[in-house]
Amino acid sequence: MPKVMLVVSATLSNVALLHPRDGNNINYFFKLKCECCGWKSEEEALVSVNVHEGPGGRYNLYRNVCGGCERAGHITMIPGHEAPLSEDNSKEVGLMVFDCDGLLPTDYSFNGGWLATTMLGTRIYIDLGGHEGFKDVIDGMEVSITDLKGKFVPFRG
């Protein structure tokens, strides 16, 4: 079962930190690709951090069936590898690790639920859905979050 890490990048101006509002308790939106037949979903899947109890402890799990070959697959979220974006560290920053069996995540879409802290310490709750980013004047400074990108890379941890 391959593991992949969602890494995100953005251009930050007058933003000290950018991270999910509630830690890693955000919804993840992405398309799916079948490991077996190569089918790719047209619609985005919503994967949330619903915690399930099982014999191995607590885990986050998404289950679905391939739209091509109907093979069952699942994706387990593995928190604990995330870091906030900052002006000094805003390229390919790890957000979440996914353990995949049968289905792989592709084409990440940003969504609501982000918290930015300006260079002066003002906290801003923002919605980054749609990849347009964020621009505003706050405390007399132009604050912007642009060039949003997310991709999945192999994780060997």
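Predicted model, so just to flag it, every value in this text is computed and none were measured.

K.L.:
What am I meant to see in the environment of Lys-91 here?
P.N.:
Mapped onto the secondary structure, Lys-91 falls in the loop between strand 7 (72-78) and strand 8 (93-101). Look at Lys-91 and you get exposed, because its relative accessible area is 52%. Along the sequence, Lys-91 and Leu-148 sit 57 residues apart, while their C-alpha atoms lie 9.9 Å from each other. Beyond its immediate chain neighbours, meaning those up to four positions away, Lys-91 contacts Val-8, Ser-9, Ala-10 and Thr-11. Here Ala-10 takes part through its backbone oxygen, which lies 3.4 Å from a polar atom of the side chain of Lys-91.

K.L.:
What should I look at first to understand the pattern of salt bridges in this one?
P.N.:
Two side chains carrying opposite charge are able to pair once their charged atoms lie near each other. All chains considered together, the criterion is met by 2 salt bridges. Residue Glu-92 is joined to Lys-151 by a salt bridge in which the shortest nitrogen-to-oxygen separation is 2.8 Å. Linking Glu-92 in the loop between strand 7 and strand 8 with Lys-151 in strand 13 (residues 141-154), this pair joins segments that are 59 residues apart in sequence. Judged by relative accessible area, which is 46%, Glu-92 ranks as partly exposed.

Here is what the cut-offs are and how they apply
Residues numbered from 1 in each chain as written. Predicted model: local features only at pLDDT ≥ 70, side-chain atom pairs only at ≥ 80, totals over all residues. Heavy atoms only, no water. Helix = DSSP H or I, 4+ residues; strand = E, 2+ residues; numbered from the N terminus. Buried < 20%, exposed > 50% of the residue type's maximum accessible area, 1.4 Å probe, protein only. Contact = heavy atoms within 4.5 Å. Polar contact = N/O pair within 3.5 Å; in protein donor to acceptor, adjacent residues only side chain to side chain. Salt bridge = Lys/Arg side-chain N within 4 Å of Asp/Glu carboxyl O.

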